[in-house]
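# Analysis of the macromolecular model
Here's the letter readout for the chains.
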Amino acid sequence: MSSTDYKHEISIKNLTYTHKPGDPPSLIDISIALPKGSRTILVGANGAGKSTLLQILAGKRLISTPGTDVRIKGRDVFRNTPQGITFLGTEWAMNPVVRGDIVVSDFLNSVGGYRHKERRDRLLDILDVDLDWHMHAISDGERRRVQLCMGLMGDWDILLLDEVTVDLDVLVRDDLLTFLREDSEARGATILYATHIFDGLNNFPTHVAHMHLGTFLMPPTSWPLVGATTVNVTSVDLGPNPSLYAVALQWLKEDRARRRLLENQGRKTRGARRYDVPSDSETFYKKYDYSH
């Protein structure tokens with residue numbers, strides 16, 4: 001397949017991924033295809049595989065399994081990585097390099113801000129960033145705003161977002177999502193966004209997808225869900241034109257029920273352990289508990 005002979009902006013076929021040999025796979029036989037200009041929300045509980053999937057698409061995790069094909073713009077993301085991919089994840093704000101005593105204006109210029117002045121300045125206004133901030137002296141939310149300005153000021157074609165709006169206040173988040181939607185529509189840019197915050201997202205996506213324990217229970221599907229499309233999406237009737245929040249909440253309730261069923265069948269359990277006999281550690285800590 002040549003770089004110009006492709007139908008989908010993002011294409012994954014037969015992807016199974018395990019973090020360590022011997023561990024259960026984090027992703028199991030994933031196959032999806034996303035069109036250019038789509039904005040897809042990934043819905044799933046913690047541990048569903050959303051972050052792993054985004055990191056693989058960003059080329060941060062090498063896949064060597066025979067038969068697996070992961071492409072963006074028709075090009076192999078590991079061996080022929082295309083230009084224009086931006087990945088923004090939560091780990092950036094914890095990097096010691098970006099927590100040093102550097103002024104925001106100098107930091108943005110050091111990563112090419114002067115080459116993207118028009119978009120940089122628009123993002124500075126949207127994200128309400130003070131160019132005189134010192135990176136070591138600002139909050140996590142303010143540092144996140146700087147990260148978003150840095151990552152979005154270039155003309156990206158594919159945007160992979162992993163929970164990066166979690167630190168933003170409601171107003172800044174809404175302004176940012178409006179910018180991203182308008183940017184996607186104007187330039188045909190593609191967004192894949194994993195989040196646990198669904199308020200205010202109803203008008204953002206063109207597609208939604210449901211991940212659970214490394215698989216897609218619903219692959220990327222056109223949003224909003226209307227008419228016959230809502231049949232079998234959830235186990236209960238959410239009525240006509242349900243909100244994304246209502247759909248996501250019901251999916252997560254059902255995911256927990258599925259996991260607990262697996263726990264009853266032998267899967268490792270979560271939550272409190274209810275034993276009649278205390279464990280050795282409980283016996284030890286009760287003897288040396290100085291909290292009273």
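All residue numbers refer to position in the chain's written sequence, counted from 1. With the structure being a predicted model, the display of local features is reserved for residues of pLDDT at least 70 and the display and counting of side-chain atom pairs for 80 or more, all residues being used for whole-chain, interface and lining totals. Side-chain numbers here rest on the full set of heavy atoms in the structure, without hydrogens or water.

Under an unreviewed UniProt entry, the protein chain has the name Putative ABC transporter ATP-binding protein C20G4.01 and belongs to Grifola frondosa.

### Considering the nonpolar core
Inclusion rule: Among buried residues, the Ala, Val, Leu, Ile, Met, Phe, Trp, Tyr and Cys ones that are joined through side-chain atoms within 4.5 Å form a nonpolar core. Accessibility here uses a 1.4 Å probe with only protein chains present; expressed as a share of the type maximum, an area under 20% marks a residue as buried, one over 50% as exposed, and anything in between as partly exposed. Counting from the N terminus, the helices are the DSSP runs of H or I reaching at least four residues and the strands are the DSSP runs of E reaching at least two.
Grouped together as the largest cluster of nonpolar side chains are 46 residues, with contacts concentrated most on Ile41, Val146, Leu152 and Leu180. Of all the secondary-structure elements, those providing two or more residues to this core are strand S3 (39-43), helix H2 (104-110), helix H3 (117-126), helix H4 (140-152), strand S7 (158-162), helix H5 (170-187), strand S8 (190-194) and helix H6 (244-264). Ranked by the residues each element gives to this core, the list is headed by H5, at five residues. If you look at the next biggest cluster of nonpolar residues, it comprises 27 residues, including Ile12, Ile32, Leu42 and Val77.

### Topic: the packing of aromatic side chains
Quick note on the threshold: Between 30 and 60 degrees the pair is tilted, below 30 it is stacked and above 60 it is edge-to-face, where a pair is any two Phe, Tyr or Trp rings, Trp via its six-membered ring, whose centres lie within 6.5 Å. Remark: a charge is flagged as sitting over a ring if the NZ atom of Lys or the CZ atom of Arg is within 6 Å of the ring centre and within 35 degrees of the ring normal.
If you walk through the whole model with that rule in mind, you get one aromatic pair. Note on Tyr193 and Phe204: the rings are 6.2 Å apart at their centroids and 80° apart in plane angle, and the pair reads as edge-to-face. Of the two residues, Tyr193 is situated in strand S8 and Phe204 in the loop between S8 and strand S9 (207-212); the sequence distance between them amounts to eleven residues. Neither residue differs from the other here; Tyr193 and Phe204 are each classed as buried. The ring of Trp156 is capped by Arg187, whose NZ or CZ atom sits 4.9 Å from the centre of that ring.

### Examining the side chain of Asp255
The residue Asp255 is located in helix H6 in this model. Overall, Asp255 belongs to the buried group, its relative accessible area being 2%.

### Concerning the sheet that holds S3
As a reminder, the rule being used: Whether two strands pair comes down to DSSP finding at least two bridges between them. Axis lines are fitted through C-alpha atoms, for helices just across the contact stretch, and the angle between N-to-C directions can take any value from 0 to 180 degrees. Any two residues having at least one pair of non-hydrogen atoms within 4.5 Å are treated as being in contact.
If you trace the six strands from one edge of the open sheet to the other, you get S6-S7-S8-S3-S9-S10, paired in mixed fashion. Two strands lie at the open edges of the sheet, namely strand S6 (85-89) and strand S10 (215-222), each paired on one side alone. Each strand axis lies, on average, 10° off the axis of its neighbour in the sheet, ignoring direction. Pairing analysis gives five bridges linking S7 to S8, with the strands arranged parallel. In the sheet register, Leu159 faces S8, and the bridge partner there is Ile191. Across the sheet, helix H1 (residues 50-57) is in contact with S3, S6, S7, S8, S9 and S10; its angle to S7 comes to roughly 150°. Here H4 sits on the sheet in contact with S6 and S7, set at roughly 170° to S6.

### Some details on the sheet that holds strand S1 (residues 10-17)
Spatially, the four strands line up as an open sheet ordered S2-S1-S4-S5, and their pairing is antiparallel. One side of each edge strand has no neighbouring strand; the edge strands of this open sheet are strand S2 (27-34) and strand S5 (75-76). Sheet topology note: the S1/strand S4 (residues 69-72) ladder contains four bridges and is antiparallel. Across the sheet, the residue bridging to Ile12 is Val70, located in S4. Packing against the sheet, H1 makes contact with S1, S2 and S4, and its axis sits at approximately 120° to S1.

### Digging into unusual backbone geometry
In this chain, Trp223 is followed by Pro224 through a cis amide linkage whose omega measures 5°. Within the element layout of this structure, Pro224 appears in the loop between S10 and H6. Its identity is not glycine, yet Asn14 carries a phi of approximately 55°, on the positive side. The class for Asn14 is partly exposed, based on a relative accessible area of 40%. At Asn241, a position not held by glycine, the phi torsion is positive, near 50°. Of note, Asn241 is situated in the loop between S10 and H6.

### Quick notes on H3
Stated precisely, the cut-off is as follows: Think of the arc as the fan of directions from the helix axis to the C-beta atoms.
Every buried residue of H3 is accounted for by Arg119, Arg120, Leu123, Leu124 and Ile126. Each buried residue of H3 lies within a common arc of 165° when the element is viewed along its axis, so the set occupies one face. With respect to the buried face of H3, the exposed residues turned more than 90 degrees away are Glu118 and Asp125. The inward-facing, buried residues of H3 abut H2, H4 and H5.

### Concerning the pattern of salt bridges
As a reminder of what qualifies: Think of a salt bridge as a Lys or Arg side-chain nitrogen and an Asp or Glu carboxyl oxygen that are within 4 Å of each other.
The full count for this structure, using the stated rule, is 18 salt bridges. In this structure, the salt-bridge partner of Glu185 is Arg39, at a minimum N-O distance of 3.7 Å. Linking Glu185 in helix H5 with Arg39 in strand S3, this pair joins segments that are 146 residues apart in sequence. When its relative accessible area of 52% is taken as the criterion, Glu185 is described as exposed. The salt bridge partner of Glu254 is Arg258, with a shortest N-O separation of 3.7 Å. With Glu254 and Arg258 both in helix H6, this residue pair falls four residues apart, about one helical turn. Exposure remark for Arg258: the relative accessible area of 33% places this residue in the partly exposed category. The structure contains a network of salt bridges with shared partners spanning Arg119, Asp155, Asp183 and Arg187.

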